[in-house]
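Okay, here's what each chain looks like letter by letter:
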Amino acid sequence: QVQFVESGGDLVQPGGSLRLSCTGSGSILRPYVMAWYRQAPGKQRELVARISSSFTNNFNTDYADSVKGRFSISRDTTKNTVYLQMNDQKPEDPAIYYCNKWPSETSWGQGTQVTVSS
């Protein structure tokens, strides 16, 4: 299984921006549909965004309704990295953010904490 390593989480003000990064330790992410998920305290982990495999001609993406127009998922095959650009942070966005394949593997990384506070 792939070992996912997430980074970039931080404390951000409402309306602020962050970019999260995800790499596959010792594994190539290129063949996989990749996704970002998040889990807030007391809630189930939810899918935030997906991006198609690097083997497709276009990097098709889709998003949860709650983040459409604010978040953007992308991937850089040369860096074996998947990104989540998060703009216009809202009070409902704080969570631990994880990357994984879609559908997800059973093994998860440590995630990266995003906190929104003024």
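Right above here is the structure, for reference.
Residues numbered from 1 in each chain as written. Predicted model: local features only at pLDDT ≥ 70, side-chain atom pairs only at ≥ 80, totals over all residues. Heavy atoms only, no water.

A.B. asks: So what exactly am I meant to see when it comes to the side chain of Asn-80 here?
C.D. replies: With respect to the helices and strands, the residue Asn-80 is situated in the loop between β7 (71-76) and β8 (81-86). Judged by relative accessible area, Asn-80 falls into the buried class, the value being 16%. Of note is the side chain of Asn-80, whose polar atom sits 2.7 Å from the backbone oxygen of Ser-27. Separated by 2.8 Å, the side chain of Asn-80 and the backbone nitrogen of Leu-29 make a polar contact. With near-sequence residues (within four places) excluded, Asn-80 lies in contact with Cys-22, Thr-23, Gly-24, Ser-27, Ile-28, Leu-29 and Arg-30. (Helix = DSSP H or I, 4+ residues; strand = E, 2+ residues; numbered from the N terminus. Buried < 20%, exposed > 50% of the residue type's maximum accessible area, 1.4 Å probe, protein only. Polar contact = N/O pair within 3.5 Å; in protein donor to acceptor, adjacent residues only side chain to side chain. Contact = heavy atoms within 4.5 Å.)

A.B. asks: Got a minute to help me understand the state of the cysteines in this structure?
C.D. replies: Disulfide: a covalent bond connecting the sulfur atoms of a pair of cysteines. Overall, the coordinates contain one disulfide when judged by the stated rule. Disulfide pairing places Cys-22 opposite Cys-99 at an S-S distance of 1.8 Å. Where Cys-22 bonds to Cys-99 through sulfur, the torsion about that S-S bond is close to 55°, and the disulfide is right-handed. One end of the pair, Cys-22, is in strand β3 (residues 18-25); the other, Cys-99, is in strand β9 (residues 95-101), with 77 residues separating them in the sequence. For Cys-22, a relative accessible area of 0% puts it in the buried group. (Disulfide = S-S within 2.5 Å.)

A.B. asks: What is the right way to read unusual backbone geometry from this model?
C.D. replies: Leaving glycine aside, a negative phi is the common case for residues, and trans is the common case for peptide bonds. Looking along the chain, the bond that leaves Trp-102 and enters Pro-103 is cis, with omega of -10°. Tracing the sequence through the fold places Pro-103 in the loop between β9 and β10 (112-116). Although it is not a glycine, Asn-80 adopts a positive phi angle of roughly 55°. Of note, the phi angle at Asp-88 is positive, near 50°, even though the residue is not glycine. Overall, Asp-88 belongs to the partly exposed group, its relative accessible area being 35%.

A.B. asks: Mind showing me how you'd approach the sheet that holds β3 here?
C.D. replies: Whenever strands of a sheet pair, they do so through backbone hydrogen bonds, lying parallel or antiparallel. Here we have four strands laid out as an open sheet, ordered β1-β3-β8-β7, and antiparallel in their pairing. Bordering the open sheet on either side are β1 (3-7) and β7, each of which pairs with just one other strand. Taken over all neighbouring pairs, the strand axes of this sheet differ in orientation by 20° on average, direction set aside. Across six bridges, the pairing between β7 and β8 is antiparallel. In the strand pairing of β8, Arg-75 is matched with Val-82. (Pairing = 2+ DSSP bridges. Axes fitted to C-alpha atoms, helices over the stretch in contact; angles between N-to-C directions.)

A.B. asks: I tried to follow the side chain of Arg-75 on my own but got confused; where do I start?
C.D. replies: Relative to the helices and strands, Arg-75 is located in strand β7. Of the polar contacts made by the side chain of Arg-75, one reaches the backbone oxygen of Leu-29; its length is 2.7 Å. In terms of polar contacts, Arg-75 uses its side chain to reach the backbone carbonyl oxygen of Ser-52, at 2.7 Å. When residues no more than four places from it in sequence are discounted, the contact partners of Arg-75 are Leu-29, Arg-30, Tyr-32, Met-34, Ile-51, Ser-52, Ser-53, Ser-54, Phe-59, Thr-81 and Val-82.

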